[in-house]
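Breakdown of the fold
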Amino acid sequence: MSHITMPIHLYNTLTHNIEIFEPADKNKVKMYVCGPTVYDNPHIGNSRSVVVYDLLYRILINIFGKKAVTYVRNITDVDDKIIDRAKTLGVTINELTDKVTKEFHANMQYLGCLSPNVEPKATEHINVMIEIIEKLIKLGAAYIAYNHVYFNVLSAPNYTELSNRKLEEMLEGVRIENSKTKKHPQDFVLWKPAKADEAADINFESPWGLGRPGWHIECSAMSYKYLSENFDIHGGGADLIFPHHTNEIAQSRCAFPGSTYAKYWIHNGFLTVNGEKMSKSLGNFITVRDLMDKKIAGEVVRLFLLSCHYRRPLDYNDKAIEDAKKTLDYWYRAIQNVKIREVNTLSTDFMEALLDDMNTPLAVKTINDYAKDIFTAKTEEEKRLNAANLVACANFIGLMNQTPHEWFNSDVDEAYINDLIKQRLEAKEQKNWQLADEIRNRLLQEKIILEDKPNGITIWRKE
């Protein structure tokens, strides 16, 4: 597949504008995306973020070349939620984080996501966090109070630039922790001491005693380690704009004077379930594992997640999943009896949609139009050309990685069907027409249609 020559336009949360993406070095594109906190199985809201940045990664690879793009997505494996969850389950921190990390990887494979180039774990980068915290203290941007280390928000220029909110309003969204020890209520923790009743293995040695890092410093440290002081793209969910990303920018720019940190900030919208915020108390908390257990194809979930523009809210409901399944059925049915020829370029309409701030609804419509054109084509050559475009575009966004036969029979026990067909042929040879009809009707009830060919062979297809 040839490389895209057109530029990509992206909405930059930092400037509140759609901009042409221009990396600092066209031969080295650097992207950091906030990954999971591994305390519980990923839910579908988490998966939306991963699929969105997987698509962006695919686009960047095609524009700049695979070797030029470095995609870093972290694993947060030190956090109060992890400690509380492990205690509830009666397991060690390592047992929990290893299990959930493996589940996350299985989920993302199910959704057809490519692996990032680097996937650092927070616990393996404590030394980098300590190094940055020491710099902040030395520069006067952080201070020690009662064995805590806090970042002084007032030392950060343009602190409200990303969120575009007044500092007074932002206080409402801050979890006040040990507020009596802070110089200002909005100051956030960089390092906190171990609690008296905590095991030593969940904390780390530091110049300020045994303890662990705050959440925000983790991403600043890991992005710095692999992408340096300045990089091109930082991605994550819209819920991370404040306080997480706001605080990342503040501490990183202060730790490295003159640094711009990330130039482009990309955020995907929220995901709801049947119009409501996902919550365990409402009983609408859906994990990716739940979808896998329901035997919903990963391609169906991926198409659903890409069916809405990434910056807009997306609602999960049964109809939306059913519509995604019907769309994929339509596409696979369109190419079912077409000999597809290879194409070397992606269609202009399709790429213009993706390069326009990843307009996936328009890209999906373009693919659907190719399917329609296959059904209405007057010549075999037209069918082949449209089928080739359909598959190439769908593959580019991580879809249609199966043959039509595999797709339509993914939940079918072929050995069981072939055994019944054999029994039916034997019944017909013995002129036991009643048994032959019973077998046909039995399969028909299971939506398996039999077709007897003149040569005596029986073929089947799923309705």
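Coordinates for the structure precede this section.
Residues numbered from 1 in each chain as written. Predicted model: local features only at pLDDT ≥ 70, side-chain atom pairs only at ≥ 80, totals over all residues. Heavy atoms only, no water.

Details of the sheet that holds strand β6 (residues 148–151)
An order of β5-β6-β7-β8 is seen for the four strands of this open sheet, with the pairing classed as antiparallel. In this open sheet, the two edge strands, each paired with only one partner strand, are β5 (142–145) and β8 (211–213). When strand polarity is set aside, the average angle formed by the axes of neighbouring strands in this sheet is 20°. In this sheet, β6 lies alongside β5 in antiparallel orientation, the contact comprising four bridges. (Pairing = 2+ DSSP bridges. Helix = DSSP H or I, 4+ residues; strand = E, 2+ residues; numbered from the N terminus. Axes fitted to C-alpha atoms, helices over the stretch in contact; angles between N-to-C directions.)

Overview of the sheet that holds strand β11 (residues 271–273)
Read across the open sheet, the three strands follow the order β12-β11-β13; overall the sheet is mixed. The open sheet has two edge strands, β12 (276–277) and β13 (314–316), and neither has a second partner. As judged from the two bridges shared by β11 and β12, these two strands associate in the antiparallel manner. If you follow Val273 over to β12, its bridge partner there is Glu276. Lying over the sheet, helix α1 (residues 44–64) contacts β11 and β13, oriented at roughly 145° with respect to β11. In the packing of helix α9 (residues 298–306) onto the sheet, contacts are made with β11 and β13, and the angle to β13 comes to roughly 145°. (Contact = heavy atoms within 4.5 Å.)

Focus: the side chain of Asp77
As for its position among the elements, Asp77 is in the loop between β4 (69–73) and α2 (80–89). Of note is the side chain of Asp77, whose polar atom sits 3.2 Å from the backbone nitrogen of Ala122. Among the polar contacts made by the side chain of Asp77, one reaches the side chain of Thr123 at a distance of 2.6 Å. (Polar contact = N/O pair within 3.5 Å; in protein donor to acceptor, adjacent residues only side chain to side chain.)

Things to note about the packing of aromatic side chains
Considering all chains together, one arrives at 14 aromatic pairs under this definition. Residues Phe21 and Tyr264 carry aromatic rings whose centres are separated by 5.0 Å and whose planes lie at 65° to one another, so their mutual orientation is edge-to-face. A residue pair is termed long-range when its members are at least 10 positions apart, and Phe21 in the loop between β2 (17–20) and β3 (29–33) and Tyr264 in strand β10 (residues 262–268) qualify at 243 residues. The two residues Phe21 and Tyr264 agree in class, both being buried. Relative to Tyr150, the ring of Tyr143 has its centre 5.8 Å away and its plane inclined at 35°; by these criteria the two rings are tilted. (Phe/Tyr/Trp six-rings, centres within 6.5 Å; stacked < 30°, edge-to-face > 60°. Buried < 20%, exposed > 50% of the residue type's maximum accessible area, 1.4 Å probe, protein only.)

Here we look at the nonpolar core
Formed by 91 residues in total, the largest nonpolar core has its most connected members in Trp331, Phe350 and Leu390. Top element by residues in this core is α1. It accounts for twelve residues. Other than its neighbours up to four places away in sequence, Leu390 contacts Trp331, Ile335, Ile367, Tyr370, Ala371, Ile374 and Met400. Core analysis: the second largest hydrophobic core is formed by 43 residues, Tyr32, Tyr159, Tyr261 and Trp265 among them. (Core = buried A, V, L, I, M, F, W, Y, C linked by side-chain atoms within 4.5 Å.)

Observations regarding the packing of helix α6 (residues 215–227) against helix α7 (residues 241–255)
At a minimum axis separation of 9 Å, α6 and α7 run at an interaxial angle of 55°. Relative to α7, the element α6 lies oblique. Of the two possible hands of crossing, α6 and α7 adopt the one that is right-handed. Here Trp215, His216, Ile217, Cys219 and Ser220 of α6 lie close against α7, whose contacting residues are Pro243, His244, Asn247, Glu248, Gln251 and Ser252. Among the residues making up the contact of α6 with α7, the classes are represented as four nonpolar, six polar and one charged. (Parallel < 35°, antiparallel > 145°, perpendicular 65-115°, else oblique. Left-handed = near helix turned anticlockwise from the far one by under 90°. Nonpolar A, V, L, I, M, F, W, Y, C, P; charged D, E, K, R; others polar.)

Here's the deal with empty space enclosed by the protein
Within this structure, the stated rule accounts for two cavities of 30 Å³ or more. The space that makes up the largest cavity amounts to roughly 90 Å³. Lining the largest cavity, in full, are Leu14, Ala156, Pro157, Asn158, Tyr159, Glu161, Leu162, Thr246, Ile249, Ala250 and Arg253. Grouping the constituent residues of the lining of the largest cavity by class yields seven nonpolar, two polar and two charged. Here the second largest cavity defines a volume of roughly 40 Å³. If you go around the second largest cavity, the residues you meet are Val52, Leu55, Leu305, Leu306, Cys308, Tyr310, Met358 and Thr360. (1 Å grid on protein atoms, 1.4 Å probe; cavity = no way out; pocket = protein on both sides within 12 Å on 5 of 7 lines; lining within 4 Å. Points joined across faces, edges and corners; volume = space filled by probe spheres on them.)

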